[in-house]
Amino acid sequence: MPIRRIIHIDMDAFYASVEQRDNPELRGKPVAVGGIERGVVAAASYEARVFGVRSAIPSSRALRLCPALVFVRPRFDVYRSVSQQIRAIFAEYTPQIEPLSLDEAYLDVTDHLEGRTATRIAQEIRAKIREVTALTASAGVSYNKFLAKMASDQRKPDGLFVIPPEAGADFVASLPIGKFHGIGPATAARMEEHGIRNGADLRRQSQEFLTARFGKSGTHYWNIARGIDNREVRPDRIRKSIGAENTFMSDLRDLELARAELRPLADKVWAHAEKRKAAAKL
Ligand SMILES: [Mg+2]
């Protein structure tokens, strides 16, 4: 099998960076996108991360960690349009694009190198993203999805990191188990109970041991511990759900108010479902 060339592109502190781009007063300040009164932080600027503010932590805790924190209401329509801009840039290089969310995607450029290296393509994409959106992205380049994803985190923000095939296994060996993409906090905790704290520990376990404890995922864990990941970049990934959301500045405690807010969301979901000719059952 030929060696594949996979790039993982990830925008830096995406929502927060968009807000700082569009409002100069927010630049250089600790910014949290999300609800202030109860709610959670959806994204934190790098200035806020210095204080330990992270996405998914409660806003109240974020404010205790960083009293100067500026909360900004999310503008998902803007994030979605930036997302379309970056996907258009990806499409200039390869049709093999698998988005993971609005701000990250895997690209398989193996058959689209046209004389360039994957690293060169990743640099070009980062430059174009900066030119078109005035935002920065980080890139990871490797021979599979798992390592490309891990690599993009290594030189954040505004960085690029390459894991060549000969370095894959060593890279994984030193990686703390909690950082493995696809191993959530609960699984990481269970692994630590078995003395598995990093990639090297994981590699010492047999495939039987891992499948007995972690089921079907055991084989995947056994593989990634060796820098092996044969999952393909899937541009045609089947969509399994349709959703709509809205983030409020404060909790809606009144049932009638909540019901009123629910209606437009349900309409939105229904419209999407109709457009896609999708059926659903309860
Ligand atoms: Mg990101």
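Parameters at a glance
Residues numbered from 1 in each chain as written. Predicted model: local features only at pLDDT ≥ 70, side-chain atom pairs only at ≥ 80, totals over all residues. Heavy atoms only, no water. UniProt positions renumbered as here; feature names shortened; annotations may be inferred. 1 Å grid on protein atoms, 1.4 Å probe; cavity = no way out; pocket = protein on both sides within 12 Å on 5 of 7 lines; lining within 4 Å. Points joined across faces, edges and corners; volume = space filled by probe spheres on them. Helix = DSSP H or I, 4+ residues; strand = E, 2+ residues; numbered from the N terminus. Nonpolar A, V, L, I, M, F, W, Y, C, P; charged D, E, K, R; others polar. Donors = N, O, S within 2.8 Å, 3.2 Å for Na, K, Ca; no water. Buried < 20%, exposed > 50% of the residue type's maximum accessible area, 1.4 Å probe, protein only. Domains from an automatic or database assignment. Polar contact = N/O pair within 3.5 Å; in protein donor to acceptor, adjacent residues only side chain to side chain. Contact = heavy atoms within 4.5 Å. Patch = residues over 30% accessible without salt bridge, like charges linked within 9 Å, V, L, I, M, F, W, Y side chains within 5 Å. Areas by Shrake-Rupley, 256 points an atom, 1.4 Å probe, with all protein chains shown as cover. Salt bridge = Lys/Arg side-chain N within 4 Å of Asp/Glu carboxyl O. Axes fitted to C-alpha atoms, helices over the stretch in contact; angles between N-to-C directions. Left-handed = near helix turned anticlockwise from the far one by under 90°. Pairing = 2+ DSSP bridges.

The name given to the chain in an unreviewed UniProt entry is DNA polymerase IV, and the organism recorded there is Paracoccus cavernae. The Catalytic activity (unreviewed entry) field of the UniProt record for the chain holds the comment "DNA(n) + a 2'-deoxyribonucleoside 5'-triphosphate = DNA(n+1) + diphosphate". Its UniProt record gives the chain a comment under Sequence similarities (unreviewed entry), which states: "Belongs to the DNA polymerase type-Y family."

Moving on to the layout of surface pockets. What the second largest pocket holds in volume is close to 810 Å³. Asp 10, Glu 104, Lys 149, Asp 153 and Lys 156 are, among the 30 residues lining the second largest pocket, the residues nearest its centre. When contributions to the lining of the second largest pocket are tallied by element, the ones reaching two or more residues are strand S1 (6-11), helix H1 (14-22), strand S3 (41-44), helix H2 (46-49) and helix H6 (145-152). Considered class by class, the residues forming the lining of the second largest pocket number 13 nonpolar, eight polar and nine charged.

Around the magnesium ion, the protein contributes the donor atoms Asp 10 (OD), Met 11 (O) and Asp 103 (OD), which lie 2.1 to 2.4 Å from the metal centre. In the primary sequence, the donor residues of the magnesium ion line up as D-M-x91-D. Of this pair, Asp 10 sits in strand S1 while Asp 103 sits in the loop between strand S5 (97-101) and strand S6 (104-108); the two residues are 93 residues apart in sequence, bridging distant segments of the chain. When its relative accessible area of 14% is taken as the criterion, Asp 103 is described as buried.

Domain assignment breaks the chain into domain 1 (6-14 + 76-164), domain 2 (15-72), domain 3 (169-224) and domain 4 (238-282). In this structure, domain 1 and domain 4 have C-alpha centres spaced 30 Å apart.

We now examine the side chain of Asp 201. If you trace the backbone, Asp 201 turns up in helix H9 (residues 199-203). Among the polar contacts listed, one links the side chain of Asp 201 to the backbone nitrogen of Arg 197, at a separation of 2.8 Å. Not counting residues within four places of it along the chain, the set of residues in contact with Asp 201 comprises Gly 195 and Ile 196.

Here the residue pair Lys 156 and Pro 157 is connected by a cis peptide bond, since its omega of -10° sits within 30 degrees of zero. Assignment of secondary structure puts Pro 157 in the loop between H6 and strand S8 (160-162). With a phi angle near 40°, Ala 13 is a residue other than glycine that sits in the positive phi range. One can find Ala 13 in the loop between S1 and H1. On the accessibility criterion, Ala 13 (8% relative accessible area) is buried.

All right, on to a nonpolar patch on the surface then. Taken together, Val 50, Phe 51 and Leu 65 make up a surface patch of nonpolar side chains, about 290 Å² in accessible area. Residue position: Leu 65 is located in helix H3 (residues 59-65).

At their nearest, the axes of helix H4 (residues 76-91) and helix H5 (residues 118-133) sit 10 Å apart, and the two run at 145° to each other. Judged by the sense of rotation from one axis to the other, the crossing of H4 with H5 is right-handed. Contact with H4, carried on its side by Val 82, Gln 85, Ile 86, Ile 89 and Phe 90, involves Ile 125, Lys 128, Ile 129, Val 132 and Thr 133 of H5 and no other residues of that element. Its residues placed into classes, the contact of H4 with H5 shows seven nonpolar, two polar and one charged.

A few words now on the sheet that holds S6. A sheet is described by the order of its strands in space; here five strands give the open sequence S5-S6-S1-S7-S8, paired in mixed fashion. Where the open sheet ends on each side, the last strands, each with one partner, are S5 and S8. Each strand of the sheet is rotated relative to its neighbour by a mean of 15°, with strand direction disregarded. Here three bridges tie strand S7 (residues 137-142) to S8, and the two strands are oriented parallel to one another.

What follows is about H6. When you tally the buried positions in H6, you get eight out of eight residues, the bulk of the element. Every buried residue belonging to H6 is among Lys 145, Phe 146, Leu 147, Ala 148, Lys 149, Met 150, Ala 151 and Ser 152, and all of these are buried.

Attention now moves to the UniProt feature "binding site: Mg(2+)" (unreviewed entry) in the chain. Mapped onto this structure's residue numbering, the UniProt feature "binding site: Mg(2+)" (unreviewed entry) falls at Asp 10 and Asp 103. With the annotated positions falling across 94 residues, the maximum pairwise C-alpha distance of 5.9 Å places them together in a single cluster. Within the annotated group, the residues that form the lining of the second largest pocket are Asp 10 and Asp 103. Every residue in contact with Asp 103, bar those within four places of it in the chain, is listed here: Ile 9, Asp 10, Met 11, Phe 14 and Ile 86.

Below, the discussion takes up the pattern of salt bridges. Within the structure shown, the criterion is met by 17 salt bridges. The salt bridge involving Asp 158 is made with Arg 126; its shortest N-O contact spans 2.9 Å. Of this pair, Asp 158 sits in the loop between H6 and S8 while Arg 126 sits in helix H5, placing them 32 residues apart in sequence. Where Arg 231 meets Asp 229, a salt bridge forms, and the shortest distance between an N and an O atom there is 2.7 Å. Look at Arg 231 and you get partly exposed, because its relative accessible area is 34%. Linked by salt bridges that have partners in common, Glu 19, Arg 21, Asp 22 and Arg 75 make up one network.

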